Amino acid sequence: MIARTLRGVMKMRRPLPALVCIAVAAALLGAGCAKDAAVRERRPEFHAATTGSAAQSRWVARFRAARARAKAAPLVAVGEYLKAASEASQRLAADLGDTASRDAYNFAVARVLGTIQDAGLDPWTKPLPVPGGFTLSHRRDRRPEWNPARYDFVPADQFDVRGSYVAEQVVKPGVGAPPVAIGRAPNHDFEKNFGMPRTYYGVTAVIRFNNGAAELAFEDPLATEDVQLAGRRMPLAADFTVPLAVLLEQAKPQKMEVSRLLRPEKYAHTARISRLQPYDPNKTVVLVIHGLMDTPATWTPLINALRADETLRRNYQFWFYSYPSGYPYPYSAAILRENLDAARARFPMRKPIVVIGHSMGGCIGRLLITDPGDLVWRDIFGRAPADTPMTPAARRIFTKALLFRNRPEVGRVIFMAAPLRGSGMAVSPLGRIGSSLVRAPEHLLEAGANAVSLMTFQTGDLQMRRIPNSVDTLAPNSRFVRAINKVPMVKGVPVNVISGDRGKGGNKDRTKPQMSDGIVPYWSSHIAEAESEKIVASDHSVHQNREAIAEVARILKKQAAW
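Residues numbered from 1 in each chain as written. Predicted model: local features only at pLDDT ≥ 70, side-chain atom pairs only at ≥ 80, totals over all residues. Heavy atoms only, no water.

(A) Looking closely at the overall build of the chain. The secondary structure content of the chain amounts to 18 helices and 20 strands. Against the globule reference of 24 Å for 562 residues, the chain gives a C-alpha radius of gyration of 27 Å, in line with a compact fold. For the chain, the spread of C-alpha atoms along the three principal axes comes to 85 × 55 × 50 Å. By residue count, 57% of the 562 residues in the chain fall in the buried class. Of all intrachain contacts in the chain linking residues separated by at least 6 positions in sequence, the fraction that spans at least 24 positions is 76%. (Helix = DSSP H or I, 4+ residues; strand = E, 2+ residues; numbered from the N terminus. Rg over C-alpha atoms; globule rule 2.2 N^0.38 Å. Buried < 20%, exposed > 50% of the residue type's maximum accessible area, 1.4 Å probe, protein only. Contact = heavy atoms within 4.5 Å.)

(B) Geometry of the sheet that holds strand β3 (residues 134–138). Read from one edge of the open sheet, four strands run β2-β3-β10-β9, paired in mixed fashion. Unpaired on one side and paired on the other, β2 (128–130) and β9 (204–210) mark the two borders of the sheet. Across the sheet, the mean angle from the axis of one strand to that of its neighbour is 25°, orientation sign disregarded. Both β9 and strand β10 (residues 213–219) contribute to a ladder of seven bridges, which runs antiparallel. Counterpart to N210 in the pairing with β10 is A213. Packing against the sheet, helix α4 (residues 74–94) makes contact with β2, β3, β9 and β10, and its axis sits at approximately 80° to β2. (Pairing = 2+ DSSP bridges. Axes fitted to C-alpha atoms, helices over the stretch in contact; angles between N-to-C directions.)

(C) Molecular detail of the packing of aromatic side chains. Applying the stated criterion across every chain yields a total of 18 aromatic pairs. Ring centres of F153 and F218 lie 4.2 Å apart, and the angle between their planes is 10°; on these two criteria the pair is classed as stacked. Of this pair, F153 sits in strand β4 (residues 151–155) while F218 is found in strand β10, placing the two residues 65 residues apart along the sequence. The same class applies to F153 as to F218, namely buried. Ring geometry for Y327 and Y331: centres 4.9 Å apart, planes at 80°, overall edge-to-face. Using a relative accessible area of 2% as the deciding quantity, one classes Y327 as buried. Here a set of aromatic residues connected by ring pairs shows up, and it is made of F46, F63, Y81 and F107. In this arrangement the basic side chain of R111 is found over the ring face of F107, its NZ or CZ atom lying 4.7 Å from the centre. Over the ring of Y522 we find K508, and its NZ or CZ is 5.1 Å from the ring centre. (Phe/Tyr/Trp six-rings, centres within 6.5 Å; stacked < 30°, edge-to-face > 60°. Lys NZ or Arg CZ within 6 Å of the ring centre and 35° of its normal.)

(D) Seen up close, the packing of helix α10 (residues 329–346) against helix α13 (residues 392–402). Two elements in contact, α10 and α13, have axes separated by 8 Å at closest approach and are oriented at 80°. The orientation of α10 with respect to α13, classified from their angle, is roughly perpendicular. On α13, the residues that touch P330, Y331, A334, R337 and E338 of α10 are I397, K400 and A401. Counted by class, the contact of α10 with α13 contains five nonpolar, no polar and three charged residues. (Parallel < 35°, antiparallel > 145°, perpendicular 65-115°, else oblique. Nonpolar A, V, L, I, M, F, W, Y, C, P; charged D, E, K, R; others polar.)

(E) Geometry of the pairing of strand β19 (residues 495–501). Across the seven residues of β19, seven count as buried, placing the element largely inside the fold. Residues V495, V497, S499 and D501 of β19 are buried on one face, and the alternating residues N496, I498 and G500, pointing to the opposite face, are buried as well.

(F) Just unusual backbone geometry, in detail. Of the consecutive residues K512 and P513, the connecting peptide bond is found in the cis state with omega at 0°. Summarising the element assignment, P513 is placed in the loop between β19 and α17 (522–525). Positive phi, close to 50°, is recorded for K252, a residue that is not glycine. Residue position: K252 is located in the loop between α6 (242–251) and α7 (257–262). We classify K252 as partly exposed; its relative accessible area is 31%. Unlike most non-glycine residues, M293 shows phi in positive territory, near 50°. Note on placement: M293 falls in the loop between β15 (284–289) and α8 (300–306). Accessibility expressed as a relative area gives 0% for M293, which makes it buried.

This is how it looks when you write it as structure tokens:
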């Protein structure tokens, strides 16, 4: 992360001295050690589960022969794979514990998909006659987004993945071949539907046979735990990691980490809620919010781990809030409230949502369960909103940021390493240099020029001649931080706290040395009224810590049982 930060700063128009670059790297609060996932394609091989089986010997020979003919005669290869899949499904139906037949079936289905993809075959628009007496078709779905003609399907077993975000490959044993469905074209309506700009989604392919008809169906392993095959109910296979790795490899979100901090106005269009899976009104929304100089990619280890648990898959769906992290976080929270209004109009949220915020994302989450009325406004400006002489533009911005109500759809907030009372790094010399490099959007500068002259400052406040940016609003002596911490969070919404401790000892209060994750001291993240508090051995990347993720799973399971 530090090296990438330096590279990003060095690419700015005006070269900066090396000392300043080092200062920026050290001052960027919330900066984790995020690494992108790396994906490499490989040629999968079928390995017999046991030796000496005549059926497995036939499958191995058939797979080798089919692969040898796949380029010159792809339909012949598909026919051979279908023969193997048909035979294996019948043997598996006779003995659900026959893992060798299950593996052969899955491998054959994956190779059918791979051959279709490589040869450009089209079983989507009309049935495809295949040598060997099969007719390959697909199960139609009324939902247009499930039209397979819109996607390329690459079997997950053709990928090797690596990287700290996908260090553990989470798979579910069962029948079916898990491919990554990659959208052939961008999703032009993704903003309206709170989706992704392009689809990279994990499905599971199943082929059912009936008198020569081979019907290919795609199942969603996040919506379906088992399927009917050859007259028997069987667990559905899934790979939850490879689709995330392919998404990260293709989208390369790490490229925006520094840019969205230093030049937030350029990336204003990236401030939005996104769904990671199709909306299910029967599942609780978990909205995750990243921190400073980060992107939703930082949540990959947590999402990857939680999806391994069937209880969590059945009860929850994951959404992201992404935003340019150079914005002052009250402004980012205002944008989130507008997004929530639009999302509620588009999707019926039948259950209260769970918000999980890391670092500055936790500060944003805190504002969703706070009802300050005009107390914060009066604290900052020393007068009522109606008596504050502001330009219309400034009034619009500060009204959104400071005059708000708690969100009724939020049913729980989990704070992970959240500097609710600020972090000393924001007011350190390095932090002030970092703050000076954040270029505020023009409309905020114009509004701030009017508003800052009206602010009332007290002894010890961080005094500003411009509108505060994200680093400034993380300072313990920020005017906003001091004001918002005078307002209690609303009652009736449970909160949970997960904090990091590097194991260097220290005090839980403000006396030095202080217990800290290296960025956020314990006294800043602690909430006395929290339903639970967990301190894990971790640096600031608490949301990627194994013990912390287990704590999130515990909390979500408890929530699901209510």
